[in-house]
Amino acid sequence: MSATRRWYARIAPIYDLVCRPLYAGPRRAALRAMDLQVGHKVLEIGCGTGLNLPMMSAAVGTRGRVLGIDTTTEMLDRAEARLDRFDCDNVALYNGDIMAPPLAALKGILRKHMDTAHPDVILCSYLFAIAPGYKELFERAWQVLRPGGHFVMVDTQPFQGAWRLLNPLAVPIANWSGGGNVRRPTLELLSSLPLTEIETHLGGSVFVARTRKLGNMRLLDDYLPFS
Ligand SMILES: C[S@@+](CC[C@H](N)C(=O)[O-])C[C@H]1O[C@@H](n2cnc3c(N)ncnc32)[C@H](O)[C@@H]1O
C-alpha cells in the first residue's frame with residue numbers, strides 16, 4: 001500500500017470534519033468554474049469522501065454521468081454512504097489508482113461508467129499537492145479530457161500577500177496534514193496553458209484554476225515547461 005493510501009485510510013474518519021467547513025467556499029467556486037450543463041459527463045480524480053459529488057450530480061441531471069475515482073477504500077466507503085443519502089443515481093465510484101491501468105484500459109473503465117472515454121469536465125480537488133507523480137497525473141487527465149472540455153483544479157498552496165507571514169507555521173502543518181507538498185508548482189503548470197483562469201481564496205492558500213483543452217492539444221510536448 002502506498003504512503004498516500006495509508007495516510008488517507010487513517011484520516012478518512014475525520015476528513016469531513018475538517019475539510020468540509022474549511023473548504024466550503026473554494027468548493028462552490030470550483031463548481032462554478034466547472035460550468036456543468038445538463039447531460040455532461042464529469043470525472044473527479046481523487047474524489048475522496050465525495051464532498052463534491054452531490055453538487056456535480058445535481059448539476060448534470062439524470063442524462064449526465066459523474067465518475068469518482070479514488071485509491072483509498074476507506075475514503076470511498078464514505079463517498080458511497082454520501083451518494084446513498086443524496087440519491088445520486090447518476091454517480092459511479094471506481095476504486096483504483098488513475099495511473100495504474102494503461103491508457104486504453106482506463107478509457108475502457110471510463111466508457112463503462114460514463115458512456116464515454118472522454119469526459120466533458122475533469123475535476124482534481126485537493127489532489128495535486130498530495131499525489132506522487134502529479135505531472136504525469138495531469139498529463140493522463142489531459143489525454144482523456146474531451147477536446148474543448150474543461151479541466152478544473154482546486155488545491156492548496158502557501159499563503160500569499162500579507163498572509164505569507166503565516167507560512168513558516170502553516171506550510172509544515174498543511175504538508176503534514178495532507179501528506180503532500182503545498183509548494184509544488186502546480187499553479188505555474190496550469191498558468192503556462194492558454195485560457196487558464198485563476199482565483200484564490202483563504203488568504204491565497206487555496207486556488208481554483210480552470211483551463212480548456214484546445215482541439216487535440218498535447219500537454220507535455222507542446223506547452224508545459226517540464227524538465
Ligand atoms: C485530499 S483528498 C481530496 C478528496 C476530495 N477530492 C475533496 O475535495 O475533498 C485526496 C484523495 O486523492 C486520492 N488519490 C491520491 N492519489 C490518487 C491517484 N493516483 N488516483 C486516484 N486517487 C488518488 C486519495 O486517496 C485521497 O482520497
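Quick summary incoming for the structure in this document. What you see is a predicted model, and the numbers here were worked out from it, not measured in a lab.

**Quick look at helix α6 (residues 134–144)**
- Those residues of α6 lying buried are Tyr134, Leu137, Phe138, Arg140, Ala141, Trp142 and Val144.
- Its buried side turned inward, α6 meets β1 (41–45), α5 (103–114), β4 (121–125), β5 (150–156), α8 (186–191) and β7 (206–212).

**Description of the nonpolar core**
- Formed by 63 residues in total, the largest nonpolar core has its most connected members in Ile45, Phe128 and Phe151.
- Residues within four places of Ile45 in sequence aside, it is in contact with Ile69, Ile98, Ile122, Leu123, Cys124, Leu127, Leu137 and Ala141.

**Quick notes on the packing of aromatic side chains**
- In this structure the tally under the stated criterion is 9 aromatic pairs.
- A centroid spacing of 5.6 Å and a plane angle of 70° characterise the contact between Trp7 and Trp176, whose relative ring orientation is edge-to-face. One end of the pair, Trp7, is in helix α1 (residues 3–22); the other, Trp176, is in helix α7 (residues 167–178), and 169 residues separate them in sequence.
- Measuring from centroid to centroid gives 6.4 Å for Phe128 and Tyr134, while their planes differ by 70°, and the two rings are edge-to-face. The same class applies to Phe128 and to Tyr134, which are both buried.

**What to know about the sheet that holds strand β6 (residues 197–201)**
- Reading across the sheet, the 7 strands line up as β3-β2-β1-β4-β5-β7-β6 and stay open at both edges, with mixed pairing between neighbours. Edge positions in the open sheet fall to β3 (91–95) and β6, since each of these has one partner strand only. The mean angle between the axes of side-by-side strands here comes to 15°, regardless of whether they run parallel or antiparallel.
- With respect to the sheet, α5 is in contact with β1, β2 (65–70) and β3, its orientation differing from that of β2 by roughly 135°.

Definitions and cut-offs
- Here the residue numbering is sequential within each chain, running from 1 through the sequence in written order.
- Local features in this predicted model are restricted to residues of pLDDT 70 or higher, and side-chain atom pairs are both shown and tallied only at a pLDDT of 80 or more, whereas totals for entire chains, interfaces and linings draw on every residue.
- To get the side-chain values, take all heavy atoms of the structure and skip hydrogens and water.
- Only protein chains enter the calculation, and the probe is 1.4 Å; a residue is then buried if its accessible area is under 20% of its type maximum, exposed if over 50%, and partly exposed in between.
- Numbered from the N terminus, helices here are DSSP runs of H or I no shorter than four residues, and strands are runs of E no shorter than two.
- The contact criterion used is simple: two residues touch if any of their non-hydrogen atoms lie within 4.5 Å.
- Joining through side-chain atoms within 4.5 Å is the link that ties buried Ala, Val, Leu, Ile, Met, Phe, Trp, Tyr and Cys residues into a set, and such a set is a nonpolar core.
- Note on ring pairs: Phe, Tyr and Trp rings are taken, using the six-membered ring of Trp, and paired if centres are within 6.5 Å. Classes follow the plane angle, with under 30 degrees stacked, over 60 edge-to-face and the rest tilted.
- DSSP calls a pair of strands paired once it identifies at least 2 bridges connecting them.
- Helix axes use the C-alpha atoms of the stretch in contact, all axes being lines fitted to C-alpha atoms, and the angles between their N-to-C directions lie in the range 0 to 180 degrees.

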